[in-house]
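# Inside the fold
Given next are the chains, with one letter for each unit.
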Amino acid sequence: MSEYQIVEHENETLLRDGTIKLHGPQAFEGMRKAGRLAAMILDEIAPLVQPGVTTASIDDKVRELTLEGGAVPATLGYRGYAHSSCISINHVVCHGIPSEKTFKDGDIVNIDVTPLLDGWHGDSSRMYLVGDVPLKARRLVDVTHECLMIGIAQAKPGNRVGDIGAAIQAYAESNRYGVVREFCGHGVGRLFHDAPEVVHAGRAGTGPLLRPGMFFTIEPMINLGKPPVKLLSDGWTAVTRDKSFSAQFEHSIGITEDGCEIFTLSPKGLHKPPYA
Ligand code: MF3
Ligand code: CO
Ligand code: CO
């Protein structure tokens, strides 16, 4: 689609390419701040992810850090979700609900946070290792981070959304891992979840054309086993059907003239474990 629609939002001019918003410099600045806070929260909790610690205590810390940063957790009250983070352990693919459950030695954990700061959503997640994690699981975590960065490398003007998923899928499957199909990356900005849908497996050259000003997340979920997931009866927790371990990393990015800007990069360089 090549026709832009102009939509006014307060004092900023917002363009649209079809249903996908094209943001200007003020929006980039807003996302930079929200994204930096998300990354700082993920940095701060790294030393706390230890055997015996409850997931609820990490969620409390996420809420504290979010509020201290002048933001609110976007997940709190989102479609009835009552927590400040999602904490997904081992075979939990995503949307694990914080509880009195404790981490144990050998766990791999995804923690996903979304501070809403001055109207902008900074959505990011990373993996954490609890104690001694076997090589097989550490390798899954490493490859999943590579999947995210390989996807991000495709996020540039002229490419299409499908190029991102195709690159991720090719790399994951070359490692004999399964790519989750049921959950996607998404447009992000003033809305938590917006167009486009960013699939993590697909065909190169398909989907919407990427243009400067588009904001979205890339958040591949990669399984040691087969791709299918099922939803637990709590209505949130997604687990691998075959009980295999699953890993995920997520960044919020904005398309620029010559590539993209990652809004949620760690200021401390804690992109992937080990963090110590
Ligand atoms: N942060 C998640 C995402 O990456 C969404 C979590 S919604 C919740 O899109 F309600 F489960 F918290
Ligand atoms: Co997201
Ligand atoms: Co997220």
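Keep in mind it's a predicted model, so treat the numbers as computed, not measured. (Residues numbered from 1 in each chain as written. Chains lettered and ligands numbered in written order. Predicted model: local features only at pLDDT ≥ 70, side-chain atom pairs only at ≥ 80, totals over all residues. Heavy atoms only, no water.)

### Some points on the coordination of the cobalt ion (ligand 2)
Condition: Donor selection uses N, O and S atoms within 2.8 Å of the metal (3.2 Å for Na, K and Ca). Since no water is included, sites may look incomplete. A four-donor site is called tetrahedral if each angle lies between 85 and 135 degrees; a four-donor site is square planar, and a six-donor site octahedral, when trans pairs exceed 155 degrees and the remaining angles lie between 65 and 115; all other cases are labelled irregular. Every helix listed is a DSSP run of H or I at least four residues long, and every strand listed is a run of E at least two residues long, numbered separately from the N terminus. Each residue gets one of three labels from its accessible area relative to the maximum for its type: buried under 20%, exposed over 50%, partly exposed in between, using a 1.4 Å probe on protein chains only.
The coordination sphere of the cobalt ion (ligand 2), as far as protein atoms go, consists of Asp123 (OD), His186 (NE2), Glu219 (OE) and Glu250 (OE), spread over 2.0 to 2.2 Å. Each of the six donor atoms bound to the cobalt ion (ligand 2) contributes to angles spanning 52 to 159 degrees, and the resulting shape is irregular. Written as a sequence motif, the donor arrangement for the cobalt ion (ligand 2) is D-x62-H-x32-E-x30-E. Metal-to-metal, the separation of the cobalt ion (ligand 2) and the cobalt ion (ligand 3) is 3.3 Å; Asp123 coordinates the two. Residue Asp123 is found in the loop between β9 (120-121) and β10 (124-129), and its partner Glu219 is found in the loop between β14 (215-218) and β15 (221-223); the two are separated by 96 residues along the sequence. Residue Asp123 is classed as buried on the basis of its relative accessible area, which comes to 2%.

### As for the sheet that holds strand β5 (residues 85-89)
Let me state the cut-off plainly: DSSP-based pairing: two strands are paired if at least 2 bridges between them are found. For helices, the axis comes from a line fit to the C-alpha atoms of the stretch in contact; other axes are also lines fit to C-alpha atoms, and the angle between any two N-to-C directions lies between 0 and 180 degrees. Contacts are assigned to residue pairs that have any heavy atoms within 4.5 Å of one another.
Here three strands make up an open sheet; going across it, the order is β5-β7-β10 and the pairing antiparallel. Only two strands of the sheet have a single neighbouring strand rather than two, namely β5 and β10. On average, each strand axis in the sheet is tilted by 20 degrees relative to the strand beside it, whichever way the strands run. Summarising the sheet, β5 and strand β7 (residues 108-113) pair through five bridges and their orientation is antiparallel. Bridge pairing in β7 links Ser88 to Asn110. Sheet contacts for helix α1 (residues 25-44): β7 and β10; angle to β10, the most-contacted strand, approximately 10 degrees.

### Some thoughts on the layout of surface pockets
For the record, the criterion: The definitions used throughout rest on a 1 Å grid laid over the protein atoms alone, on which a cavity is an enclosed set of points accommodating a 1.4 Å probe that cannot get out and a pocket is an open set flanked by protein within 12 Å on both sides along at least five of seven lines; lining residues are those having an atom within 4 Å of a point. Grid points are joined across faces, edges and corners, and a volume is the space filled by probe spheres set on the points. Classification used: nonpolar for Ala, Val, Leu, Ile, Met, Phe, Trp, Tyr, Cys and Pro, charged for Asp, Glu, Lys and Arg, polar for all others including Gly.
Size it by volume and the largest pocket reaches roughly 550 Å³. What lines the largest pocket is a set of 25 residues, and nearest its centre among them are Tyr78, His95, Phe183, His186 and His193. At the level of secondary structure, the elements contributing two or more residues to the lining of the largest pocket comprise β12 (185-187) and β13 (194-198). Looking at the lining of the largest pocket, the element that brings in the most residues is β13, giving three residues. Of the residues belonging to the lining of the largest pocket, the class tally is 10 nonpolar, seven polar and eight charged.

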